[in-house]
Every structure is written in C-alpha cells, then in structure tokens.
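# Inside the fold
Listed here are the chains, written in short residue letters.
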Amino acid sequence: MIEPLSLLTAFLLGLFGSSHCLVMCGGIAAAIGSSAGTQRVRVTLLFNTGRILSYSIAGLIVASAGLWLQSQHQWLMLILRTLAALMLILMGLYIARWSLMLTRIEQLGQGIWKHLQPLTRRFMQSPRAIDRLWLGMLWGWLPCGLIYSTLSWVAANGQPLLGAAAMFAFGLGTLPALFASTLAANVLTPFLSNNRVRQVAGGLLIGFGLWTAASVWLLS
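Residues numbered from 1 in each chain as written. Predicted model: local features only at pLDDT ≥ 70, side-chain atom pairs only at ≥ 80, totals over all residues. Heavy atoms only, no water.

## Notes on the packing of helix 4 (residues 74-95) against helix 10 (residues 195-218)
Contact geometry of helix 4 with helix 10 gives a least axis separation of 7 Å together with a crossing angle of 165°. Considered as vectors, helix 4 and helix 10 are oriented roughly antiparallel to each other. Where helix 4 crosses over helix 10, the handedness of that crossing is left-handed. Across the interface between the two elements, Leu78, Arg81, Thr82, Ala85, Leu88, Ile89, Met91, Gly92, Leu93, Tyr94 and Ile95 of helix 4 pack against Arg198, Ala201, Gly202, Leu205, Ile206, Phe208, Gly209, Leu210, Thr212, Ala213, Val216 and Trp217 of helix 10. Of the residues contributing to the contact of helix 4 with helix 10, the split by class is 16 nonpolar, five polar and two charged. (Axes fitted to C-alpha atoms, helices over the stretch in contact; angles between N-to-C directions. Helix = DSSP H or I, 4+ residues; strand = E, 2+ residues; numbered from the N terminus. Parallel < 35°, antiparallel > 145°, perpendicular 65-115°, else oblique. Left-handed = near helix turned anticlockwise from the far one by under 90°. Contact = heavy atoms within 4.5 Å. Nonpolar A, V, L, I, M, F, W, Y, C, P; charged D, E, K, R; others polar.)

## Digging into the nonpolar core
In this structure, Leu13, Met91, Leu102, Ile147, Trp153, Met167 and Phe170 are the most contacted members of the largest nonpolar core, which totals 30 residues. At the level of elements, helix 1 (4-16), helix 3 (40-72), helix 4, helix 7 (145-157), helix 8 (160-182) and helix 10 are the ones that each hand at least two residues to this core. If you tally residues by element for this core, the top one is helix 4, at nine residues. (Core = buried A, V, L, I, M, F, W, Y, C linked by side-chain atoms within 4.5 Å. Buried < 20%, exposed > 50% of the residue type's maximum accessible area, 1.4 Å probe, protein only.)

## Quick look at the side chain of Thr150
Looking at the secondary structure, you find Thr150 in helix 7. Residue class for Thr150 comes out buried when judged on its relative accessible area of 0%. Polar contacts involving the side chain of Thr150 include one to the main-chain carbonyl oxygen of Leu146, which spans 2.9 Å. Thr150 has contacts with Leu13, Met91, Met167 and Phe170, leaving out every residue within four places of it along the chain. (Polar contact = N/O pair within 3.5 Å; in protein donor to acceptor, adjacent residues only side chain to side chain.)

This is how it looks when you write it as structure tokens:
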C-alpha cells in the first residue's frame, strides 16, 4: 500500500536537501543547459527524468532487500530501522547546517562510481538529445549522502513499491532546484538557502528521526 505521508516526507527530503544536489549535480545540469541551445528545456527534462528513474530503481532494490531481511531476521530489521532513524537525524543536522557528518558517508559509493564515471563522459559529449536520459540515469548513482540516508529510510519500510514511489517523490523534490539551475532561473535558491527555513526543515527532520527511533524500540 502506497502511503501518502511517506511520499510527502520523501518529497520534502528532496526539496529541502536540494541545496546539496546543487553542489553535486548543479554544475553538470548547468553545463547541459548551456550546451543545448534551443533544446534546453527538452534535454533538461531528459536528464532529470533519467536521474529520478535511477532513484526509483534504487528505492525498489533497497526496499526489496529490507523486505527480505524482515522475513529472515527480525532483529536485523530493528537495526536497519534504527540506522534509518539515525540517518534522518544526520540529514536534519546537515540541512540545518549544524553538522556536515552526512557528507562523509558519500565515500561509500566511490567504488561503484569509479566504473560509471567514464560512461558519463561519453554521453555528455554525444550530440543526441536522448543520450541526456542515459546520462541522467548514470548520474543518479553519483555517491550522495542525502540519497543514501533517504534510501536507508526507504529500506527500513520493507515495501518495494513504496520504496520506488518514495524515491520517485524524493527525486521530484530535488527537481525544482536543479531545473532552475539548468535554466539559470534561480527562483527557489534564496528560499532554500534561507537559514531560518533550513533550520526549521532540519529540526523537523531531526524530530522525525527521533520519533522513528523511539517507535522502533517502544513498539518492538
């Protein structure tokens, strides 16, 4: 069953964490837009569609793994849900700019990215607009602490369809900032960069993480 609250939470995670996405993907998004000429909107949509599809595939995979763990070892699910709560807290601290510890987790995916990065150069240099879709799908696997923390939360749900839908919603949350970056129309940047907005969003995430941790152990 798809839970609207989970999808909304995932969307907000992407929206308020998208300043990190601008750091990680803003450069290539802007480069794609500047080199596309009159097809700027089209290639921007293709790139971001590919990126969000990869997030959805990752959500399906980790949630399926979470479902398997749940069926095999209940205590492993308790650990996974506790880890998800911790990651939510770290994400809240990161968004509020109270701690940047989350960025250290990005090193975990460097091994996979080392093999994918050469392919991104080939698609980046291709003159075909459709190759921006494949570029986006590859870029969706770029090591990112924000994505990893969201995936850990998705895995703890143990629902494959919800996992894919939640990561799709997360990707939609990151879309406005990256789309604005590509089209050089930074309407959302001042809002997302506002210290008070970031601290309120971060505080809510920390509260959600603490509530998740408490529910894991009090209801188990």
